[in-house]
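# Topology and contacts: notes
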Amino acid sequence: MRKSIYFLVISFFLATAVFSGVKIYAHFKDVQEQENLYDSLAQIVEQAETAPAPETVPAPSEPEEVLPENTEPVILPAYAELYEQNSDMVGWICIEDTRVNYPVMQSPYDSDFYLNHGFDKGETDYGCPYVPTICDVAKPSDNLIIYGHHKKNGSMFSDLKKYRKKSFWEDHRTITFDTLYEKQTYEAVAVFVSVDYTNSP
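Okay, so let's go over this structure. (Residues numbered from 1 in each chain as written. Predicted model: local features only at pLDDT ≥ 70, side-chain atom pairs only at ≥ 80, totals over all residues. Heavy atoms only, no water.)

## Here we look at the packing of aromatic side chains
Geometrically, a pair of aromatic rings is defined through the distance of the ring centres and the angle of the planes. Our working definition: In this scheme Phe, Tyr and Trp rings, the latter by its six-membered ring, pair at centre separations within 6.5 Å, and the angle between planes marks the pair as stacked below 30 degrees, edge-to-face above 60, and tilted otherwise. Only DSSP runs of H or I reaching four residues or more are called helices, and only runs of E reaching two or more are called strands; each is numbered from the N terminus. Summary of the burial criterion: residues with accessible area below 20% of their type's maximum are buried, those above 50% are exposed, and those between are partly exposed, where the area comes from a 1.4 Å probe applied to protein chains only. For a ring to carry a charge above it, either NZ of a lysine or CZ of an arginine must fall within 6 Å of the ring centroid while also lying within 35 degrees of the normal to the ring plane.
Throughout the structure, instances matching the rule amount to 6 aromatic pairs. An angle of 15° between the planes, with centres 6.1 Å apart, marks the rings of Tyr38 and Tyr126 as stacked. Of this pair, Tyr38 sits in helix H1 (residues 2-50) while Tyr126 sits in the loop between strand E2 (101-105) and helix H3 (166-171), and the two are 88 residues apart along the sequence. Both residues of the pair, Tyr38 and Tyr126, count as buried. Through a chain of ring-to-ring contacts, the aromatic side chains of Tyr38, Tyr102 and Tyr126 assemble into a single cluster. When the ring centre of Trp169 is taken as origin, the NZ or CZ atom of Arg173, which lies over that ring, is 4.0 Å away.

## Observations regarding the nonpolar core
Across soluble globular proteins, nonpolar side chains show a tendency to be buried alongside one another. Test applied: Residues grouped as a nonpolar core are buried Ala, Val, Leu, Ile, Met, Phe, Trp, Tyr and Cys residues, joined through side-chain atoms within 4.5 Å. Contacts: residue pairs with any heavy atoms within 4.5 Å of one another.
Counting residues in hydrophobic clusters, the biggest one holds 21 residues, and the most contacted among them are Tyr38, Tyr79, Leu82, Met89, Trp92 and Phe119. Put simply, the parts of the chain that give this core at least two residues each are H1, helix H2 (77-85), strand E1 (89-94) and E2. With 6 residues, H1 is the single largest residue contributor to this core. Sequence-distant contacts of Tyr38, that is, excluding residues within four places in its chain, are made with Tyr102, Pro103, Gly118, Phe119, Tyr126, Gly127, Cys128 and Met156. Membership of the second largest hydrophobic core comes to 14 residues, among which are Ile93, Ile95, Val104 and Ala188.

Right, dumping it as structure tokens:
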């Protein structure tokens, strides 16, 4: 009888250890895949921004064509390829000397879709920076909120905590948030912590 109990207990702990090991492996695998994904997206943007502009041959002199006032805006070359991959992309946020260098998404149907989905729309705890469905990033606003996770490995918006130091703020006041159609910069004027994640799991 005792042998059977010992066997059951040992089997239970072995099963628990295996299950925990699989979950931990899956977590770190997901983190690595997401980091590789966002690194590749940043490289696409960087290469597009540094690519030389195509040479143009002057056209024969002709009367200037008057474009209609309702002409559709043109997506910036740096973001055209990413927009083709996922049309939920509405911009790109970047802060110098931090790991904040990500696409910003907006689901037309679910405000919090990118809370637990990546740029490729695959389910992941890593998420992707996003704005709520009701926001219109094309219109200037004092109330535009970009949501993003605070990751222990320093990714996503974790580096925002650097703004706790006045010296960092003095050297990094500019935050770049481009829409698909226009390059934009903002100045960091205040920082506050709504939840302290320092000791969070």
